[in-house]
Amino acid sequence: MPSESTAARAASKSARTRQRLLDAAAEVLGEKGFAGSRLVDIADRAQVQAPAIYYYFPSREDLIEEVMHTGAAAMRAHLQRTLEGLSPASPMDRITAAVEAHLRVELELSHYARAIIRNANQLPEPVSRRALAEVARYNDVWRGLLADLQAAGALRPGLDPAVARMFVLGALNWAAEWWDPERGALDALVADVQSMVRHALSA
């Protein structure tokens, strides 16, 4: 019978391998999309044999489902931490802070975030269900930001808050498809996008 310390080491090694698989899957999904992501590519990235994946996940879809949910939850948590960490700020300043949070987690901080942004609309419903529930909560945070801007009388007259929210989020998400760090610093991109959003929404 293995000792408690031996069992603990085995459990720790198993957890690390599982995390490597999730990290590798997030990277591959962000690069190749759902249709192009093969288990062999994920296994190679994680430095395990492809059949070993089935020890940790029943199927390719279960692995991808976990990555999607993790990515969506991470985006929402990052946004909420950003907003909670602000000193008292105007509704517009909170929106521009949310713009920066979205871009940084998408382009700099998380392969999981890029995976969810690039694949959310490609997944079969059973794979995307948990992730889309988190995406809906993320959208609710943005819905509140636009509602606060409108309530303060600072939203451009005649602008539908729902249209504004979807347009801004769509533009932010699209940055994952075209932004290249070799074309300019992320700080510069964030500043430009914040300026455009501020001017587009301001009364």
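You'll find the structure just up there.
Cut-off values and rules
- Residues numbered from 1 in each chain as written.
- Predicted model: local features only at pLDDT ≥ 70, side-chain atom pairs only at ≥ 80, totals over all residues.
- Heavy atoms only, no water.
- Helix = DSSP H or I, 4+ residues; strand = E, 2+ residues; numbered from the N terminus.
- Buried < 20%, exposed > 50% of the residue type's maximum accessible area, 1.4 Å probe, protein only.
- Contact = heavy atoms within 4.5 Å.
- Areas by Shrake-Rupley, 256 points an atom, 1.4 Å probe, with all protein chains shown as cover.
- Lys, Arg positive; Asp, Glu negative; His and termini not counted.
- Charge placed at Lys NZ, Arg CZ, Asp CG, Glu CD.
- Polar contact = N/O pair within 3.5 Å; in protein donor to acceptor, adjacent residues only side chain to side chain.
- Core = buried A, V, L, I, M, F, W, Y, C linked by side-chain atoms within 4.5 Å.
- Axes fitted to C-alpha atoms, helices over the stretch in contact; angles between N-to-C directions.
- Left-handed = near helix turned anticlockwise from the far one by under 90°.
- Nonpolar A, V, L, I, M, F, W, Y, C, P; charged D, E, K, R; others polar.
- Salt bridge = Lys/Arg side-chain N within 4 Å of Asp/Glu carboxyl O.

Participant: Explain the overall build of the protein here, please?
Facilitator: Looking only at helices and strands, the protein has 9 helices and 0 strands in total. Expressed as lengths along the three principal axes of its C-alpha atoms, the size of the protein is roughly 70 × 35 × 35 Å. Residues classed as buried in the protein amount to 41% of the 203 residues present. Within the protein, contacts between residues separated by at least 24 positions form 75% of all contacts whose residues are at least 6 apart in sequence. Looking at the protein as shown, the accessible area adds up to about 11000 Å², and 55% of this sits on carbon and sulfur atoms. The centroid of the 23 positive side-chain charges in the protein is displaced by 3 Å from the centroid of its 25 negative side-chain charges.

Participant: Just to check I follow, could you spell out helix 6 (residues 111–119) for this structure?
Facilitator: Spacing of three or four residues puts side chains on the same side of an α-helix, whose turn is 3.6 residues. When helix 6 is considered as a whole, its buried residues turn out to be Y112, A113, A115, I116, I117 and N119. One side-chain oxygen of the residue at the start of helix 6 lies 3.1 Å from the amide nitrogen of Y112, identifying that residue as S110.

Participant: What is the right way to read the nonpolar core from this model?
Facilitator: Nonpolar side chains tend toward joint burial in soluble globular proteins. L63, V67, M68, I95, W142 and L201 are the most contacted members of the largest nonpolar core, which totals 60 residues. At the level of elements, helix 1 (4–36), helix 2 (39–46), helix 4 (60–84), helix 5 (91–109), helix 6, helix 7 (125–151), helix 8 (161–178) and helix 9 (186–201) are the ones that each hand at least two residues to this core. Contacts of L63, omitting those with residues within four sequence positions, involve L21, L22, A25, L39, I42, I53 and F57.

Participant: Looking at this structure, how should I read the packing of helix 5 against helix 9?
Facilitator: Helix packing geometry: the angle between the two helix axes and the distance between the axes. Across the interface, helix 5 lies against helix 9 with an axial gap of 9 Å and an inter-helix angle of 145 degrees. The interaxial crossing formed by helix 5 with helix 9 has right-handed handedness. Only L186, D187, L189, V190, V193, Q194, V197, R198 and L201 of helix 9 make contact with helix 5, whose side of the interface consists of M92, D93, I95, T96, A97, V99, E100, L103, R104, L107 and E108. Each residue belonging to the contact of helix 5 with helix 9 can be placed in one class, and the counts come to 12 nonpolar, 2 polar and 6 charged.

Participant: How should the environment of R104 be read in this particular structure?
Facilitator: Of note, R104 is situated in helix 5. When the C-alpha atoms of R104 and D187 are compared, they prove to be 9.1 Å apart, with 83 residues separating the residues in sequence. Apart from residues no more than four positions distant in its own chain, R104 is found in contact with L109, L186, D187 and V190. Separated by 2.4 Å, the side chains of R104 and D187 make a polar contact.

Participant: I'm lost on the pattern of salt bridges in this one. Help?
Facilitator: Opposite charge on two side chains permits pairing when their charged atoms draw close. Applying the stated criterion across every chain, the model contains 16 salt bridges. One salt bridge in this structure joins R104 and D187, with 2.4 Å as the shortest N-O distance. Note that R104 is positioned in helix 5 and D187 in helix 9, a separation of 83 residues in sequence. Ionic pairing is found between E177 and R118, a salt bridge with its closest N-O pair at 3.4 Å. On the criterion of sequence distance, the pair formed by E177 in helix 8 and R118 in helix 6 is long-range, its members being 59 residues apart. The exposure class assigned to E177 is partly exposed, which follows from its relative accessible area of 42%.

Participant: Looking at this structure, how should I read unusual backbone geometry?
Facilitator: Glycine aside, a negative phi is what most residues show, and trans is what most peptide bonds show. Here Q47, not a glycine, exhibits a phi torsion of approximately 60 degrees, which is positive. Of note, Q47 is situated in the loop between helix 2 and helix 3 (53–56). Overall, Q47 belongs to the exposed group, its relative accessible area being 69%.

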